[in-house]
Amino acid sequence: MTLHSVTFQRGRRVILDDLTWSLPATGRTLLLGRNGAGKTTTLRLLSGAIAPKRGTVKIDGHDAGPKELRRRVAMMPQHISSMPRLNVVEQVAFAAWLSGRSESSARSAAVKAIAQVDLSEKGQMDPARLSGGELRRVGLAEALARPSELLLLDEPTAGLDPTQRARFRDVVLSLDRPTVISTHQLDDVDQLVASVVVLDGGRIVFDGPVDDFLRRGQGPDVARMAESAFTSLTSTL
Ligand SMILES: Nc1ncnc2c1ncn2[C@@H]1O[C@H](COP(=O)(O)OP(=O)(O)OP(=O)(O)O)[C@@H](O)[C@H]1O
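So, how was this worked out
Residues numbered from 1 in each chain as written. Predicted model: local features only at pLDDT ≥ 70, side-chain atom pairs only at ≥ 80, totals over all residues. Heavy atoms only, no water. Helix = DSSP H or I, 4+ residues; strand = E, 2+ residues; numbered from the N terminus. Contact = heavy atoms within 4.5 Å. Areas by Shrake-Rupley, 256 points an atom, 1.4 Å probe, with all protein chains shown as cover. Near = heavy atom within 4 Å. Polar contact = N/O pair within 3.5 Å; in protein donor to acceptor, adjacent residues only side chain to side chain. Nonpolar A, V, L, I, M, F, W, Y, C, P; charged D, E, K, R; others polar. 1 Å grid on protein atoms, 1.4 Å probe; cavity = no way out; pocket = protein on both sides within 12 Å on 5 of 7 lines; lining within 4 Å. Points joined across faces, edges and corners; volume = space filled by probe spheres on them. Pairing = 2+ DSSP bridges. Axes fitted to C-alpha atoms, helices over the stretch in contact; angles between N-to-C directions. Patch = residues over 30% accessible without salt bridge, like charges linked within 9 Å, V, L, I, M, F, W, Y side chains within 5 Å. Salt bridge = Lys/Arg side-chain N within 4 Å of Asp/Glu carboxyl O. Buried < 20%, exposed > 50% of the residue type's maximum accessible area, 1.4 Å probe, protein only. Phe/Tyr/Trp six-rings, centres within 6.5 Å; stacked < 30°, edge-to-face > 60°.

**Things to note about the overall build of the protein chain**
The number of helices and strands found in the protein chain is eight helices and 10 strands. Looking at the protein chain alone, contacts between residues at least 24 apart form 65% of all its contacts between residues at least 6 apart. Total accessible area on the protein chain is roughly 11,500 Å²; 50% of this is exposed by carbon and sulfur atoms.

This is the structure we're talking about:
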């Protein structure tokens, strides 16, 4: 899947500027960038939630419109809402049904996804009563219950405490789908990924294997991020 010369504007403000990015076909990729760098916008373009003003999103070499993207890509948004009057299983099943599954297939996909995120024992609970970390796992289950080939996780661990982050990381490690994880902080997520892409001001300033990223970085900002990644890696050893 490729973003090809994509430009995205809000009014006169250019948010993504002639961006070209070929996503790795397998494994986990970290989309790194400071607040406002354009990460969410990039993920929303890939998921078909918004369309580029210029440029295209390509899958297997052909231009893919929002409808095809919504069918083939599942995104876990930054903010997960709990739905009134639905329990956890029903909320996840509802998300799966909205993506086109039949009622029975949505329910079985929900039960499976909830087990994948290790929340089976909370399936009958009101999502509003879950902890922040558990609610994030409900959000991940919603994405997993959709029939998709690519998973996009937007800042999945922001605001979680270290225990919840570790729990979330274990769940992400068990996923078998190609996954893009956006973050503005490296803490423990960097240990999860094979490749790193750094966005800055709507442009890609680094794209490569995580080892290269940690070893050298490119430019002062990336070098600073690499340094903080290295500190965070070594401090957890
Ligand atoms: N609906 C909107 N209207 C106007 N500007 C917007 C809108 N959505 C996003 N932006 C602007 O676009 C820029 C990129 O936003 P985006 O959410 O993609 O960044 P981000 O890298 O995900 O940031 P964060 O880490 O804070 O979530 C920001 O400066 C933001 O203010």
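**Some thoughts on the site of the ligand**
Taken together, 13 residues lie around the ligand, and Gly36, Gly38, Lys39, Thr40 and Thr41 are the ones closest in. Between a nitrogen atom of the ligand and a side-chain N or O atom of Arg10, the distance comes to 3.3 Å. The fraction of the free accessible surface of the ligand (640 Å²) that becomes covered by protein chains is 64%. Residue assignment for the shell around the ligand shows that the elements contributing at least two residues are strand E2 (13-22) and helix H1 (39-47). Looking at the shell around the ligand element by element, the count peaks at three residues for H1. By residue class, the composition of the shell around the ligand is two nonpolar, six polar and five charged.

**Looking at the layout of surface pockets**
The computed volume of the largest pocket comes to approximately 340 Å³. Around the largest pocket, the lining is made up of 16 residues, and of these Ser47, Arg70, Val73, Met75 and Arg146 lie nearest the centre. Sorting the residues of the lining of the largest pocket by element identifies H1, helix H2 (66-72), strand E6 (73-76) and helix H3 (88-98) as the ones contributing at least two each. Counted by class, the lining of the largest pocket contains seven nonpolar, four polar and five charged residues.

**A word on the sheet that holds strand E10 (residues 203-209)**
Judged by pairing direction, the sheet is mixed, and its six strands sit side by side in the order E6-E7-E8-E3-E9-E10 without closing on themselves. Strands at the two margins of the open sheet, each flanked by one partner only, are E6 and E10. Between one strand axis and the next, the sheet turns through 15° on average, direction left out of account. Pairing of E6 with strand E7 (residues 150-154) involves four bridges; the strand directions are parallel.

**Observations concerning a nonpolar patch on the surface**
Judged by side-chain polarity, Phe94, Trp97 and Leu98 come together as a nonpolar surface patch covering roughly 310 Å² of accessible area. Locating Trp97 in the fold gives a position in helix H3. For Trp97, a relative accessible area of 43% corresponds to the partly exposed category.

**Section: the packing of aromatic side chains**
Within this structure, the stated rule accounts for two aromatic pairs. Ring geometry for Phe94 versus Trp97: centroids 5.9 Å apart, planes at 25°, classification stacked. With Phe94 and Trp97 both in helix H3 and three residues apart, the pair spans about one turn of that helix.

**A short note on the sheet that holds strand E4 (residues 54-59)**
Strand pairing in a sheet is mediated by backbone hydrogen bonds. Such pairs are either parallel or antiparallel. Read from one edge to the other, the open sheet built from four strands follows the order E2-E1-E4-E5, with strand pairing classed as antiparallel. Looking along the sheet, the strands with just one partner apiece sit at the ends: E2 and strand E5 (62-63). Bridge count between E4 and E5: two bridges; the pairing is antiparallel. In the sheet register, Lys58 faces E5, and the bridge partner there is Asp63. Seen against the sheet, H1 touches strand E1 (2-10), E2 and E4 and runs at an angle of roughly 60° to E2.

**Focus on the pattern of salt bridges**
Considering all chains together, one arrives at nine salt bridges under this definition. Residues Arg34 and Asp200 are paired through a salt bridge, measuring 3.2 Å at the closest nitrogen-oxygen approach. Of this pair, Arg34 sits in the loop between strand E3 (28-32) and H1 while Asp200 is found in strand E9 (residues 195-200), placing the two residues 166 residues apart along the sequence. Judged by its relative accessible area of 38%, Arg34 is partly exposed. Judged by relative accessible area, Asp200 falls into the partly exposed class, the value being 25%.

**Structural notes on the side chain of Ser148**
Assignment of secondary structure puts Ser148 in the loop between helix H5 (132-144) and E7. By relative accessible area, Ser148 is classed as buried at 14%. A distance of 2.8 Å separates polar atoms of two side chains, one belonging to Ser148 and the other to Arg177. Aside from chain neighbours lying at most four places away, what touches Ser148 is Arg71, Arg72, Val73, Ala74 and Arg177.

Read these as layout, nothing more, since geometry by itself doesn't imply function.
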